[in-house]
Amino acid sequence: MLYQFIRDHQLNIMLGMSSICFMVGFFAMITKALPKRRKWILVDIEFASGLLLFSDRLAYMYHGDVSNLGYHMVRISNFMVFFMTISVVHAFNLYLTDLCKNEVGMKKIPNRLRIVELIAAAGWFLVILSQFIGLYYTFSANNEYQRGPGFIICYAIPFLALFIQLSVIFQLQKKLSLYIWIPLLLFTVIPMVASIFQAFFYGVSLTNMAIVGMGVVLYIFALMDLNDKLEKTQKSELDAAQSYGMSVFRSFDQTSRALIGALDAKDKYTKDHSKRVAEYARLIAKAMGMDDIEAAEIGYSALFHDVGKIAIPDQILKKRERLTEEESAILKKHPVYGKEIMSGVTEIPYLKPAAAYHHERYDGKGFPEGLKGEAIPLAARITAVADAYDKMASFKYGRPPLAQGKIREEILSEAGKAFDPKIVSIMVDMIDKDTDYALREADDDSVDEADINDITKVDRMHFENYKDRVSDGIRITDKILKLHFESRPINGHEKEYSLPVIILFDSFDRCVHRNPRNIKNLHYFEYGEIWLDGHTVCTSARDIKAEVTEKETGAGSDANGWETYDIELFALKDHVMIRADSNRLHIVTSVALPDSTRFVQLGLAGEQCDVKNIKVIETDIAAKEEDVIRIAPEVNFFSRKDGDIPNLEVDDYREVSTDGIPVEDGMRIFFHSKSLPVANLVHHCSYVVLFSSDDGLVTGNNYEEYACIRLDGEDATYNGKAEISLSVHKDEKFLGWDSWKEINLVGLDYEVDFKRKRNRVVFSTENAGISIECHVIVPKGVENVYVALTGNLCTLMNIRIR
């Protein structure tokens, strides 16, 4: 099979391999890293190999061609094949000689290599002689190649040379690196094996192909050896420099954070504020496309943004009452003091901008210098947004952190006023993606228990009074989650009243809350409790039902009272299924959620019991509809029938999208959109996504996003690949965002119009007083541009394309 394939396609194989040889020879010619003599020897090998195979191809092409051109081409090409075969072997001999001298350091070159030189000279002579006496080959009247009486000699000469070279290669084995020795071995062995097969399979140039292939391998491994040596040399030189540099950097980092930590520690309400602002600023910089070094510089500048407060009296910094005009004027000087302090750090100029200008406003109404727009240094513009976010997301003078949705709207309202709109868009996108509410100050209730309640990091928990301690939440999805642990009552307590319990809930910070303040601000929502004896408590779920089966062969607890629990959970649409196995019981619990729009978190708690050997396993096994024991009708928010494509419910930020619709000039999309009942933020609405992919799906191969425009007028494009110009206008129909949210809860009919001319796409729409027009220039050469509808906490219904 392989022989027949090579025979059928060998002309194309020859052309490809000879082209590769010429290219490799060219690259070898222009490289400056290799020693000069070795470089030209490799060039010789590559060009000789390329000519060998190209000539062999011509010989096959003109075989039997009785024209005048065919007559000459057959003779020239066959001569070149035999001549260049010897030339490749001779060039390889020069390569071995160079290695012996310059790589191994041999003072005397092995005589066997000199013998190869004589063999090569004899080979060339016999090739020339054969043209006159037909020793190797002759041609028939039809201009067809025929083997001559001494054809075996043409195989024996390179075979003998390679065999002698092989003996030298084995002699050098321990003195050469593997990158050098392995290709030398292959260069000799593979052509010899090919020559044996060539003698029996007439009509296929196995030997020549093998020689050419090994010539390319030889060059590649020579470069690999050179790279290895350079890497080792550079590593040894850089290690010392890096060690010194890292030492200096660590000293700078530790000193910086200690200084800022001391400043923040003046007030418990600003503890670690600067560190968090620095991290948020670094993340914003990364999202803007900066590399790690540039982003780190922005972060360090933000770290020092409040350094000028060192010069502000403590009685002003710590004052809880409203500041007087005189005190406010003094406090407003801290950027001036910060600029003076950081101006003295001339070796690190990137530290100064945030300290000096983070209170400047994008509209020019800030202080101390009233800078406007991009006249404000970028680090200061980034820090201003990060600083504002942290102040709203932190405990402040008795005020709890604001909900993320509220923070989002506050920051959006200042776009183009206090803040750079581009940076606002990035910060808002970070907020939307922060589903675990990680971008925040630690809650007072859990600040000292950062890890001890994380059951993915600890294997033991101790529970006394119920709900005094609950593990951090683990999100339950449609992928099966497995939970294993052992539990026993605390000494002196009865088993039936000392049990573990699973709490199902949702909150911004993945924690169970009992404090009314945190319940409100962190949007805590509890579905219910599942005790591991089958007892359930339905809090806000529609219903919870547990089916308990006692195991006839149950072994009960072990000698020390420990009982083993293995639990599997998943959430699919508006139901959660929990299957729990213990030594004694098998419990299957169905939980009917209010709807499918909220997350579901699992919290492990208990009463008067110890839990050990906790293991949490997140699998990739997707739950199926038939795995659900439905105890309540499926919640359906669709109030209209399907249009040209099926209705869609989007329960989370861009969680699902419609299939892509090819964009055509003059196309219109009509649809009805309605925010889900739990929606309470402006961005809980529908979005229009412009993109390309191989299969026209948002999740498809080679997906590239060109624009994602929220129908509240915000640009939510992530890692966009196109030039976007967005125009948003509000007329007298727009009655404010509160009214706009109410209208979306009732439902809106949308019409989106599209125009396309080559690589320019324009789409526009109007809703509740907001007019949106977006111009997108997609990359040239993109033929298929698609549009899809998606959103956040909304339904898309009756979608029609005209």
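Scope of this entry: the structure provided in the associated data block. Along each chain, numbering runs from 1 in the same order as the chain's sequence is written. Side-chain atom pairs in this predicted model are given and counted only at pLDDT of 80 or more, local residue features only at pLDDT of at least 70, and totals for whole chains, interfaces and linings cover all residues. With hydrogens and water stripped out, all remaining heavy atoms of the structure feed into the side-chain values.

Between rings of Phe, Tyr and Trp, where Trp is taken as its six-membered ring, a pair exists when centres lie within 6.5 Å; planes separated by under 30 degrees are stacked, by over 60 edge-to-face, and by other angles tilted. Scanning the model with the defined rule gives 20 aromatic pairs in all. Relative to Y136, the ring of F82 has its centre 5.6 Å away and its plane inclined at 25 degrees; by these criteria the two rings are stacked. Remark: Y136 occurs in the loop between α4 (111–133) and β1 (137–139) and F82 occurs in helix α3 (residues 68–103); sequence separation between them is 54 residues. Here the term buried applies to any residue with accessible area under 20% of the maximum for its type, exposed to any over 50%, and partly exposed to those in between, with areas from a 1.4 Å probe on protein chains only. The exposure class of F82 is buried, given its relative accessible area of 12%. Here Y136 falls in the buried class, since its relative accessible area comes to 2%. Summarising the aromatic geometry, the rings of Y280 and Y389 are spaced 5.4 Å apart at their centres and angled 85 degrees between planes, so their arrangement reads as edge-to-face. Linking Y280 in helix α8 (residues 273–287) with Y389 in helix α14 (residues 378–392), this pair joins segments that are 109 residues apart in sequence. Numbered from the N terminus, helices here are DSSP runs of H or I no shorter than four residues, and strands are runs of E no shorter than two.

So, on to empty space enclosed by the protein. For each structure, a 1 Å grid was placed over the protein atoms alone; sets of points admitting a 1.4 Å probe that cannot get out are labelled cavities, open sets with protein on both sides within 12 Å along at least five of seven lines are labelled pockets, and lining residues have an atom within 4 Å of a point. Grid points are joined across faces, edges and corners, and a volume is the space filled by probe spheres set on the points. Scanning the entire structure with this criterion turns up 2 cavities of 30 Å³ or more. Here the largest cavity is characterised by a volume of approximately 40 Å³. Residue lining of the largest cavity: E360, R361, Y362, I376, A380, R381, A384, A418, F419 and D420, and that is the complete set. Its residues assigned to classes, the lining of the largest cavity comprises 6 nonpolar, no polar and 4 charged. Space inside the second largest cavity adds up to approximately 30 Å³. For the lining of the second largest cavity, the elements supplying multiple residues, two or more each, are α3, α4 and α5 (151–171). When residue character is reported, Ala, Val, Leu, Ile, Met, Phe, Trp, Tyr, Cys and Pro are called nonpolar, Asp, Glu, Lys and Arg charged, and the others, Gly included, polar. Its residues assigned to classes, the lining of the second largest cavity shows 8 nonpolar, no polar and no charged.

Further remarks concern the side chain of S130. On the secondary structure map, S130 appears in helix α4. With relative accessibility at 2%, the residue S130 sits in the buried group. Within the structure, the side chain of S130 is placed 3.5 Å from the backbone nitrogen of L135, a separation counted as a polar contact. The contact rule is simple, with two residues in contact once any of their heavy atoms fall within 4.5 Å. Other than its neighbours up to four places away in sequence, S130 contacts L135, Y136 and Y137. Polar contact is defined as a pair of N or O atoms within 3.5 Å, subject to the rule that within protein one atom must be able to donate a hydrogen and the other to accept it, and that residues adjacent in sequence are counted only when both atoms are side-chain atoms.

Bringing the pattern of salt bridges into the picture now. Salt bridge, as applied in this entry: a Lys or Arg side-chain nitrogen positioned within 4 Å of an Asp or Glu carboxyl oxygen. Applying the stated criterion across every chain, the model contains 29 salt bridges. The salt bridge involving D581 is made with K551; its shortest N-O contact spans 3.3 Å. One end of the pair, D581, is in strand β11 (residues 575–582); the other, K551, is in the loop between β9 (543–550) and β10 (563–572), and 30 residues separate them in sequence. With a shortest N-O distance of 3.6 Å, K573 and E625 are connected by a salt bridge. Here E625 lies in the loop between β14 (609–622) and β15 (648–650) and K573 lies in the loop between β10 and β11, a separation of 52 residues in the sequence.

A few words now on the environment of I799. When you line up the elements, I799 lands in strand β25 (residues 794–801). What makes I799 buried here is its relative accessible area of 0%. With 154 residues separating them in the primary sequence, I799 and I645 have C-alpha atoms 6.0 Å apart. The contact partners of I799, leaving out residues within four places of it in the chain, are G643, D644, I645, P646, T658, I669, F670, F671 and L789.

With that settled, the discussion passes to the side chain of H305. Along the chain, H305 turns up in the loop between α9 (292–303) and α10 (314–317). Given a relative accessible area of 0%, H305 falls into the buried group. There is a polar contact of 3.4 Å between the side chain of H305 and the side chain of H273. Every residue in contact with H305, bar those within four places of it in the chain, is listed here: H273, S274, V277, A354, A355, H358, T383 and D387.

To describe two helices that pack against each other, one gives the angle between their axes and the distance between the axes. Between α14 and helix α16 (residues 421–433), whose axes approach to 10 Å, the crossing angle comes to 40 degrees. Of the possible angle classes, the one that applies to α14 and α16 is oblique. Pair α14 / α16 crosses with right-handed handedness. Only I423, M427 and I431 of α16 make contact with α14, whose side of the interface consists of L378, R381, I382, V385 and Y389. Between N-to-C directions, angles span 0 to 180 degrees; the directions come from axes that are lines fitted to C-alpha atoms, helices contributing only their stretch in contact. Angle categories are assigned with fixed cut-offs, so that under 35 degrees is roughly parallel, over 145 is roughly antiparallel, 65 to 115 is roughly perpendicular, and the rest are oblique. The crossing is said to be left-handed when, going from far helix to near helix, the turn is anticlockwise and less than a right angle, and right-handed when the turn is clockwise.

Looking along the chain, the bond that leaves F367 and enters P368 is cis, with omega of 10 degrees. Phi at R654 takes a positive value of approximately 50 degrees, unusual for a residue other than glycine. Tracing the backbone through its elements, the reader meets R654 in the loop between β15 and β16 (661–662). The buried category is assigned to R654, whose relative accessible area is 18%. Unusually for a residue other than glycine, N702 sits at a positive phi of about 55 degrees. Looking at the secondary structure, you find N702 in the loop between β18 (686–692) and β19 (704–710). Take N702: its relative accessible area is 57%, and that puts it in the exposed class.

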